[in-house]
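One letter stands for each residue in the lines below.
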Amino acid sequence: DGKTFSTWSGRIGYATSRDGIHWERNKEPVFFVGPADAWDSDWVSHSHVIEDPTGDGYHLFYAGESGQQGIYGIGHAYSQDGLKWERNPHNPIIKNDQGTWNSKMTGGPSALIKDDKFYLWFFGSERNDFAYVFFGLAMAECK
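Residues numbered from 1 in each chain as written. Predicted model: local features only at pLDDT ≥ 70, side-chain atom pairs only at ≥ 80, totals over all residues. Heavy atoms only, no water.

Asks: Quick rundown of the overall build of the chain? Include the residues and the values.
Replies: If you tally the helices and strands in the chain, you get 0 helices and 10 strands. Listing the helices and strands of the chain from first to last along the sequence gives β-β-β-β-β-β-β-β-β-β. For the chain, whose C-alpha radius of gyration is 15 Å, the value lies close to the compact-globule estimate of 15 Å for 143 residues. In terms of overall dimensions, the chain has a C-alpha envelope of 45 × 45 × 30 Å along the principal axes. (Helix = DSSP H or I, 4+ residues; strand = E, 2+ residues; numbered from the N terminus. Rg over C-alpha atoms; globule rule 2.2 N^0.38 Å.)

Asks: Can you explain the pairing of strand β5 (residues 71–79)? Please cite residues and give values.
Replies: Within β5, 8 of the 9 residues are buried, which leaves the element mostly enclosed by the surrounding structure. For strand β4 (residues 58–66) and β5, the ladder comprises 9 bridges, and the chain directions are antiparallel. Across the sheet, residue Ser 66 finds its bridge partner in β5, namely Ile 71. Between the antiparallel neighbours β4 and β5 lie 4 residues, among them Gly 70 with a positive phi of about 70°. (Buried < 20%, exposed > 50% of the residue type's maximum accessible area, 1.4 Å probe, protein only. Pairing = 2+ DSSP bridges.)

Asks: Please provide a residue-by-residue account of the sheet that holds strand β8 (residues 105–114), values included.
Replies: If you trace the 3 strands from one edge of the open sheet to the other, you get β8-β9-β10, paired in antiparallel fashion. Looking at strand neighbours, the two that pair on one side only are β8 and β10 (134–141), the edges of this open sheet. Between one strand and the next, the sheet's axes are offset by a mean angle of 20°, whatever the strand orientation. Looking at chain direction, strand β9 (residues 117–125) and β10 are connected through 8 bridges and run antiparallel. Residue Gly 124 lies in a different strand from β10, and its bridge partner there is Phe 134. (Axes fitted to C-alpha atoms, helices over the stretch in contact; angles between N-to-C directions.)

Asks: Outline the pattern of salt bridges, supporting the account with residue identities and numerical values.
Replies: The full count for this structure, using the stated rule, is 1 salt bridge. Note that Asp 40 is salt-bridged to Arg 87, the shortest N-O span being 3.0 Å. Taken together, the residues Asp 40 in the loop between β2 (24–25) and β3 (43–51) and Arg 87 in strand β6 (residues 86–87) connect sequence positions 47 residues apart. (Salt bridge = Lys/Arg side-chain N within 4 Å of Asp/Glu carboxyl O.)

Asks: An account of the pairing of β3 is needed here, citing residue identities and associated values.
Replies: Look at any regular strand and the pattern is simple: side chains alternate between the two faces of the sheet. Relative to β4, β3 runs antiparallel, the two being bridged by 7 bridges. Among the inter-strand pairings, His 48 is bridged to a residue of β4, identified as Phe 61. The turn joining β3 and β4, which pair antiparallel and follow one another in sequence, is formed by 6 residues; a positive phi near 80° is taken by Gly 55.

Asks: Describe the packing of aromatic side chains, and please don't skip the residues or the numbers.
Replies: Scanning the model with the defined rule gives 8 aromatic pairs in all. Note on Trp 101 and Phe 122: the rings are 5.6 Å apart at their centroids and 25° apart in plane angle, and the pair reads as stacked. Placement of the pair is Trp 101 in the loop between β7 (94–95) and β8 and Phe 122 in strand β9, with a sequence separation of 21 residues. On the accessibility criterion, Phe 122 (6% relative accessible area) is buried. Through pairs of rings, three or more aromatic residues link up here, namely Trp 101, Phe 122, Tyr 132 and Phe 134. Between Arg 127 and the ring centre of Tyr 132, over which it is positioned, the NZ or CZ distance is 3.5 Å. (Phe/Tyr/Trp six-rings, centres within 6.5 Å; stacked < 30°, edge-to-face > 60°. Lys NZ or Arg CZ within 6 Å of the ring centre and 35° of its normal.)

Set out below in structure tokens:
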């Protein structure tokens, strides 16, 4: 898409495998950082993709950051084919909150859909230290 990256940006790629051992990588990333004014403009990483219960597409949960805005959080995107993603207009769906256990960091999403509910596990910290993290669970209705 012609983007130039002056710092690490953590783009998200796509690969397929018939046996889970040998993988064929897509030549280009399928998900990039957001625009300059977005909450995820610095980097995107730590992705987790799950199939929609209808079988008609996929949900991507990812960590992202905008140092300029002071946001470190989790975003959501949807794709019908796993290659072209549309960001949720309500992103970030979870973000660092001042004065809480995840005030400095929020990331590492791992998701599950069960009984028409999203379950999203994530880590957070009140320090800028990956050695000092807690884990949380967020739940939402599927719509």
